[in-house]
Amino acid sequence: MQAFSDLKVLIIDDAPIVIVTLKTMLLKLGFNDRNVTYTTNPKKAIAIAKQELFDIIVCDYNFGNKLNGKQIFEELKHHQLLKDESVFILITGDNSSVVVHSIIELKPDDYLLKPFNILRLRERISYTVNRKRALHQLYTAERTQDIHDGLKLCDELLPFYPQYYFVIQKFKAEFLSKLKYFEQSKVVYQNILSRKMYDWAKVGLANSLANLGKIQDADRIISSMLKQSSRNVTARVAAASISLMNKDIPDAIRHLDLASNLVPGNSERELVIVNLCLSVGDNLNALERYRAYLLFNKDTFRNNIYSKINLIRILLYACHNTGVKAKGIWLKEVKSLLSQIVDSNESGQLHDEIELIIAHIALEEGHYSITTAKLNEVHKRGNLSHFYGLYHFSWLLNLMNFDSEFSKMVYKCSTSIWSKDSEQIYASQVNMVERLHETNIDKLNWLEQHYKYIHANSIDLGSLLDIYIEINQRCPFLRTVSIKIVKILAKKWPNNMEHEQVLELIDKCDKVIRQLMDEKELQQQNYNAIYEKLTNTIQIEETVIPIH
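Residues numbered from 1 in each chain as written. Predicted model: local features only at pLDDT ≥ 70, side-chain atom pairs only at ≥ 80, totals over all residues. Heavy atoms only, no water.

### Quick look at the overall build of the chain
What the chain contains, in helices and strands, is 27 helices and 5 strands. The dimensions of the chain, computed from C-alpha atoms along their principal axes, are 100 × 50 × 45 Å. Across the 548 residues in the chain, those meeting the buried criterion constitute 49%. Excluding contacts between residues fewer than 6 apart, the proportion of contacts in the chain whose partners are at least 24 apart in sequence is 61%. Surface exposure of the chain reaches about 27100 Å², of which carbon and sulfur atoms provide 50%. (Helix = DSSP H or I, 4+ residues; strand = E, 2+ residues; numbered from the N terminus. Buried < 20%, exposed > 50% of the residue type's maximum accessible area, 1.4 Å probe, protein only. Contact = heavy atoms within 4.5 Å. Areas by Shrake-Rupley, 256 points an atom, 1.4 Å probe, with all protein chains shown as cover.)

Right, dumping it as structure tokens:
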């Protein structure tokens, strides 16, 4: 093992007395004074780490209203400021289940509860440094996603480091799972559990079983864990994964919500909940959760131009089918955020994402011709590649009934999902695409059934109008349906609708027809003559409306 005197250490704690105590302990353990750096400021710590790589980082968890230890660790990993053999140790004086579970979820190299003595510090540093040095190739394989090499290393390293049996076997099982060798990963987890009943091994076994189609067996394992402790966050997250496999998205959201209540501030989990809410059309809850996600991450790498773009998208999804007042407030916020993005230096690389947002704003404001033009432009360029941009495009295409274009775009969206993301983010994005595709298929099947019924039956004008109004309510941008409604109304005024309702329907259909059909199409349909006849009908009807 490398001597303590050669190791560079960074101490991050907002209490100067803790820094002094820790530094004194480290010097007594043989660390060199020149190699021990410290700061009380989380942002300064990140800046220091950008200038110099450290072998050991000892970081407090709670910094008040500044970045916490969890976020510092995530920032260091995101900016690649930790070597594969570096050690990150969290320390905290808060032994509450919320903090402890939050630290366990984070998976730092180790953590210490205050107060601790010099012997305990030496023990934890020695064990963790030795483990990281011995197994650094495995950590490298994990970081670089070199799964096959990592799997081979597990078998090569185990005879030399039997003291790290469980660590190596955990790596092996996870590598096998990533390769979808679930039968083999199942065996590894079973062997681990035969020696020690780790929760992570139980969850790993359940995941392997679920992926082998043995969902009931997987569910029994997780249910047993939750029966022992309903506050087991690891089991809650696993239960959500099983619910996703069962296509029970509301139940998955419920489990994840419970996990977040137990351990708040898990950014990935909040993003998964947002994605799942969007997939089932719960746009208001998605907006609320995403605002909370942004607030928690306001000083982190996650607060970037892409997160602002996503906020705009979610605001626009929420505008759909909401009240006039809320829509007005949210559209105002959307335009303000969009202005900030357009004025930024990064706007050039987001041209198509911005065009989609403009198209969506135009849609919500009733400027359908602008929406169509913008969608056509983005489609012709074909430059979109990011998942959330492609999903937004697919969502708009489905809503506007551009179904042939939708089928191509939703496929492109599905292929853009980055499988190397966290398993739950990956699964949530898969569910977003699948549910959107299912929505489109359900709509097309529903339309086909209605059209078949119309063609197969002799239907009076009143009943036919009711059917077309029903279609129009679900698919308001079908031009042919709008034309049919106007033609029928020109011939027969409905007796089962209030006068104002009919006028609103006429205005709605006329707006779609005039904005989504060109002049040649209008002439072919003889639309102006039909609309003039309808206007005369309106005038006649208005003369017979009784005066109250």
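Back to the write-up after that little detour.
### Observations regarding the pattern of salt bridges
Counted by the stated rule, this structure contains 34 salt bridges. Put simply, Asp109 and Lys132 hold a salt bridge, and the shortest N to O gap is 2.9 Å. With Asp109 in the loop between α4 (97-106) and β5 (110-113) and Lys132 in helix α5 (residues 118-134), the pair connects residues that are 23 residues apart, well separated along the chain. Salt-bridge contacts for Arg514 lead to Asp510; the nearest nitrogen and oxygen are separated by 2.9 Å. One end of the pair, Arg514, and the other, Asp510, are both in helix α25 (residues 499-516), 4 residues apart, so they sit about a helical turn from each other. By relative accessible area, Arg514 is classed as partly exposed at 36%. The network of salt bridges with common partners includes Asp110, Arg120, Glu123 and Arg124. (Salt bridge = Lys/Arg side-chain N within 4 Å of Asp/Glu carboxyl O.)

### Brief notes about the pairing of strand β1 (residues 9-12)
Neither face of β1 is left uncovered, since the one carrying Val9 and Ile11 and the one carrying Leu10 and Ile12 both have all their residues buried. Pairing geometry for β1 and strand β2 (residues 36-39), over 4 bridges, is parallel. Looking across to β2, one finds that Ile11 is bridged to Tyr38. Considered for its hand, the β-α-β crossover made up of β1, helix α1 (residues 16-28) and β2 is right-handed. Sheet analysis places β1 next to strand β3 (residues 56-60), joined by 4 bridges and oriented parallel. (Pairing = 2+ DSSP bridges. Right-handed = clockwise from strand over helix to strand, strands pointing away.)

### Description of the side chain of Asn283
In this structure, Asn283 sits in helix α15 (residues 283-296). One polar contact links the side chain of Asn283 to the main-chain carbonyl oxygen of Tyr317, over a distance of 3.1 Å. For Asn283, the contacting residues outside a window of four places in its chain are Leu278, Ile314, Tyr317 and Ala318. (Polar contact = N/O pair within 3.5 Å; in protein donor to acceptor, adjacent residues only side chain to side chain.)

### Considerations on the domain arrangement of the chain
Segmentation of the chain into domains returns domain 1 (1-144), domain 2 (145-259), domain 3 (262-446) and domain 4 (459-544). For domain 1 and domain 2, the distance between their C-alpha centroids amounts to 27 Å. The interface of domain 1 with domain 2 comprises 15 residues on the first partner and 16 residues on the second. Between domain 1 and domain 2, the buried area comes to about 1500 Å², and carbon and sulfur atoms account for 67% of it. Considering only the side of domain 1, the residues that lose the most area to domain 2 are Leu135, Leu138 and Glu142, jointly responsible for 36% of the buried surface there. On inspection of domain 1 and its partner domain 2, the count reaches 6 residue pairs in polar contact (both at pLDDT 80 or more). (Domains from an automatic or database assignment. Buried area = accessible area lost by both parts, 1.4 Å probe.)

### Describing the environment of Glu75
If you trace the backbone, Glu75 turns up in helix α3 (residues 69-78). The exposure class assigned to Glu75 is buried, which follows from its relative accessible area of 6%. Once the C-alpha coordinates of Glu75 and Ala529 are considered, the two residues, 454 residues apart in sequence, prove to be 65 Å apart. Residues contacting Glu75, with those up to four places away along its chain left out, are Ile46, Thr300 and Phe301.

### Concerning the packing of helix α21 (residues 403-415) against helix α22 (residues 423-456)
Each pair of packed helices can be described by the angle between their axes along with the distance between the axes. The geometry of α21 relative to α22 is characterised by a closest axis approach of 10 Å and an angle of 160° between their N-to-C directions. Taken together, the axes of α21 and α22 lie roughly antiparallel to each other. Considering only the axes of α21 and α22, their crossing is left-handed. The residues of α22 that touch α21, namely those facing Asp403, Phe406, Val410, Cys413 and Ser414, are Val433, Leu436, His437, Asn440, Lys443 and Leu444. (Axes fitted to C-alpha atoms, helices over the stretch in contact; angles between N-to-C directions. Parallel < 35°, antiparallel > 145°, perpendicular 65-115°, else oblique. Left-handed = near helix turned anticlockwise from the far one by under 90°.)

### Quick notes on a positive patch on the surface
Taken together, Lys484, Lys487, Lys491 and Lys533 make up a surface patch of like positive charges. Residue contributions to the positive patch peak at 3 residues, all from helix α24 (residues 479-491). On the accessibility criterion, Lys487 (32% relative accessible area) is partly exposed. (Patch = residues over 30% accessible without salt bridge, like charges linked within 9 Å, V, L, I, M, F, W, Y side chains within 5 Å. Lys, Arg positive; Asp, Glu negative; His and termini not counted. Charge placed at Lys NZ, Arg CZ, Asp CG, Glu CD.)

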